[in-house]
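# Results of the structural survey
One-letter residues, chain by chain:
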Amino acid sequence: MAGELDGKVAIVTGGAGGIGKATVDLFVAEGARVVVADVDMDAGESLCAKLGSAAVFRRVDVAQKGDVEALVDVAVQRFGRLDVMFNNAGIACGAFPDFLDDTLEDFGKVVGVNLFGPMVGTQAAARAMKQQGRGGAILNNASIAGVLAGQAMMTYRASKAGLIHFSKSAAIDLARHGIRVNCLVPGHIRTPLSSFEEGSGADNLAQLSQEIDAIYLSNQPLKRRGSPEDVAQAALFLASDRAAQITGIALPVEGGVTTGDPVNH
Ligand code: NAD
C-alpha cells in the first residue's frame, strides 16, 4: 500500500526524543526519508541506526542560525530535495519558575529555541522549497501554552504565542510559492519536557506531574491523556498532500481542553 509521504523528504528538529521521535518513526513508516536533527547525538544516532537508509542524523542546535541553515543543505545533498520541515524542537523553562527571578538570559534561551529556531527553520526551508519550485509543507510545534495565559512558564507561553502568530503570517507570505505553513497546538503530552525533568527546582517531581495530569484531565472533555503518537498523526496529516488546501491554521491536539468553559466540561 502506498505511504502518505512516499517520495517525500522531511526534516524533523528535536527528532531524537518525545513528539519528534514519534513523528520520525511515523514519517518513515509512511515512506518519507527523514533528516533527524537534535542536540542529543546518542539518541539521534541510535534512532537513525534502527531506521536504516531512510533516516540520517545531524547534530543541530536550533538556536544557532548556521546549524539550521546547514541542516537544510544536508536534506538536499543527501536526499535530493526538501518537502516537509517540522520545526518541533522546544524547551520548557521548568515547572514553576518565579518570573520576578528570570533574567534576560533566561528569556533569550527559551525564545531562542522555541521562536527564533522555528523562524530560521521556516526561512531556510522556504528558500530551498522556493528554489525547487514544487511547494512544500512547513509545520511548527506550538502548544496550548501559546493559546492559554497562565501564571507559570510565562516565557514559554510568550514564545509559543509568538510562534502561532509568526506561522500564520508566514503562511500568508509563502502561499505565493505554494508553501503551506501550519502550527500544531498540543495539549499535555507525557514526555520528558512535560515531566519537568529540568530546571523545576522541585524535589517531588513524580507527585507534581501526577497532580498536573489530574488537573489537566479534569478540565479536558475527552478525559484522555495525549501521546506523542497523537501529535505525530496530526503532523502526518498536515505534512501530506491530503492537507493541500490547508494553510495558516493552528491545529489543537489537546482533547478539547481549549474548546470551552472549564466549569462546564
Ligand atoms: P522532549 O523534551 O521530549 O523532546 C524534545 C527534543 O528536542 C529532545 O530530543 C531534545 O534533545 C531536543 N532539543 C532540545 N533543545 C534543542 C535544540 N536547541 N536544538 C535541537 N534539538 C533540541 O519534548 P517534547 O514534549 O517532545 O516537545 C516537542 C515539542 O512539542 C516542543 O516544541 C514542545 O514545546 C512542544 N509541546 C510539548 C508538549 C508536551 O506536553 N510534551 C505540549 C505542547 C507542546
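A few points on the structure. Each chain carries its own residue numbering, running from 1 in the direction its sequence is written. Local features in a predicted model are, by the rule used here, given only for residues with pLDDT of at least 70; side-chain atom pairs are given and counted only at 80 or more, and totals for whole chains, interfaces and linings are based on all residues. Hydrogens and water are ignored here; the side-chain numbers use all heavy atoms of the structure.

### A word on the site of the ligand
Rules: Near, as used in this document, describes a residue that has one of its heavy atoms within 4 Å of the molecule or strand being considered. Between N or O atoms, a polar contact is any pair within 3.5 Å; within protein, one atom must be a potential hydrogen donor and the other a potential acceptor, and residues adjacent in sequence are included only when both atoms are from side chains. For the purposes of this entry, the term helix denotes a DSSP run of H or I that reaches at least four residues, the term strand denotes a run of E that reaches at least two, and both are numbered from the N terminus. Residues are grouped as follows: Ala, Val, Leu, Ile, Met, Phe, Trp, Tyr, Cys and Pro are nonpolar; Asp, Glu, Lys and Arg are charged; every other residue, Gly included, is polar.
Near the ligand you find 29 residues, and of these D38, N88, Y156, I189 and T191 are the closest. A distance of 2.9 Å separates an oxygen atom of the ligand from a polar atom in the side chain of K160. One of the side-chain N or O atoms of T191 is found 2.4 Å from an oxygen atom in the ligand. Looking at the shell around the ligand, the elements that each hand over two or more residues are α1 (18-29) and α5 (154-174). Grouping the constituent residues of the shell around the ligand by class yields 14 nonpolar, 11 polar and four charged.

### A look at the nonpolar core
The line we're drawing: As used in this record, nonpolar core signifies buried Ala, Val, Leu, Ile, Met, Phe, Trp, Tyr and Cys residues forming a set joined through side-chain atoms within 4.5 Å. Three labels apply to residues, based on accessible area from a 1.4 Å probe with only protein chains included: buried if under 20% of the type maximum, exposed if over 50%, partly exposed otherwise in between. Two residues qualify as a contact provided that any one of their heavy atoms is within 4.5 Å of a heavy atom in the partner residue.
Counting residues in each nonpolar core, the largest one holds 39 residues, and the members touching the most others are I11, V35 and I138. Broken down by secondary-structure element, the contributors of at least two residues to this core are β1 (9-13), β2 (33-38), α3 (65-79), α4 (104-132), α5 and β6 (179-186). Broken down by element, this core gets its largest block of residues, eight residues, from α4. Contacts of V35, omitting those with residues within four sequence positions, involve A10, I11, V12, V56, R58, L71, V74, A75 and F79. Counting 31 residues, the second-largest nonpolar core is a separate cluster that includes A10, L47, V84 and V253.

### Comments concerning the pairing of β2
Two faces make up the sheet, and in a regular strand the side chains alternate between them. Let me state the cut-off plainly: One requirement defines pairing of two strands: DSSP has to find at least two bridges between them. By convention, orient the strands away from the viewer: a clockwise path from the first strand over the helix to the second makes the crossover right-handed.
In terms of residue burial, β2 counts as a mostly covered element, since five of its six residues are buried. Sheet topology note: the β1/β2 ladder contains five bridges and is parallel. Note that in β2 the partner of A10 across the bridge is V34. Handedness of the crossover joining β1 and β2 through α1: right-handed. Relative to strand β3 (residues 55-59), β2 runs parallel, the two being bridged by five bridges. Counted as the bridge partner of D38 is R59 from β3. For the crossover that starts at β2, traverses helix α2 (residues 41-51) and ends in the parallel β3, the hand is right-handed.

### Examining the environment of A89
Relative to the helices and strands, A89 resides in the loop between β4 (84-87) and α4. In this structure the C-alpha to C-alpha distance between A89 and G18, which are 71 residues apart in sequence, comes to 9.7 Å. Contact partners of A89, with chain neighbours within four places excluded, come to T13, G14, V62, V113 and N114.

### Notes on α3
Using the following cut-off: Expected helix span is given by 1.5 Å per residue-to-residue step, counting one fewer step than there are residues. Throughout, the arc means that of the directions going from the helix axis to the C-beta atoms.
The terminal C-alpha atoms of α3 lie 22 Å apart, and with 15 residues this matches the ideal 21 Å at 1.5 Å per residue to within 8%. Listing the buried residues of α3 in full gives V68, L71, V72, V74, A75 and F79. Viewed end-on, α3 has its buried residues packed into an arc of 150 degrees, placing them on one side of the element. Buried residues belonging to α3 abut β1, β2, β3, β4 and α4. A positive backbone phi angle near 90 degrees is found at G80, which sits one or two residues after α3.

### Details of the sheet that holds β1
Counted only if it meets this: Note on definitions: angles span 0 to 180 degrees between N-to-C directions of axes, and those axes are lines fitted to C-alpha atoms, for helices only across the stretch in contact.
Spatially, β3-β2-β1-β4-β5-β6-β7 is the arrangement adopted by the seven strands of the open sheet, whose pairing is parallel. One side of each edge strand has no neighbouring strand; the edge strands of this open sheet are β3 and β7 (250-253). If you compare each strand with its neighbour and ignore which way they point, the axes differ by 20 degrees on average. On top of the sheet, α1 reaches β1, β2, β4 and β5 (136-141); it is set at about 165 degrees to β1, its chief contact.

### A word on the packing of aromatic side chains
Geometrically, a pair of aromatic rings is defined through the distance of the ring centres and the angle of the planes. Basically, it comes down to this: Classification of ring pairs uses Phe, Tyr and Trp, with its six-membered ring standing for Trp, and accepts pairs whose centres are within 6.5 Å; under 30 degrees between planes counts as stacked, over 60 as edge-to-face, and the remaining range as tilted.
Under the counting rule described, the total for this entry stands at one aromatic pair. Ring plane angle 15 degrees and centroid distance 5.9 Å describe the contact between F99 and F107, whose orientation is recorded as stacked.

### A closer look at the pairing of β4
Along β4, one buried face is formed by V84 and F86 and the opposite face, lined by M85 and N87, is buried too. In this sheet, β4 lies alongside β1 in parallel orientation, the contact comprising three bridges. Each bridged residue has a counterpart across the sheet, and for I11 the counterpart in β4 is M85. Two strands pair when backbone bridges link them, and β4 and β5 are joined in this way by four bridges, in the parallel orientation. Residue pairing in the sheet places N87 in a bridge with N140 of β5.

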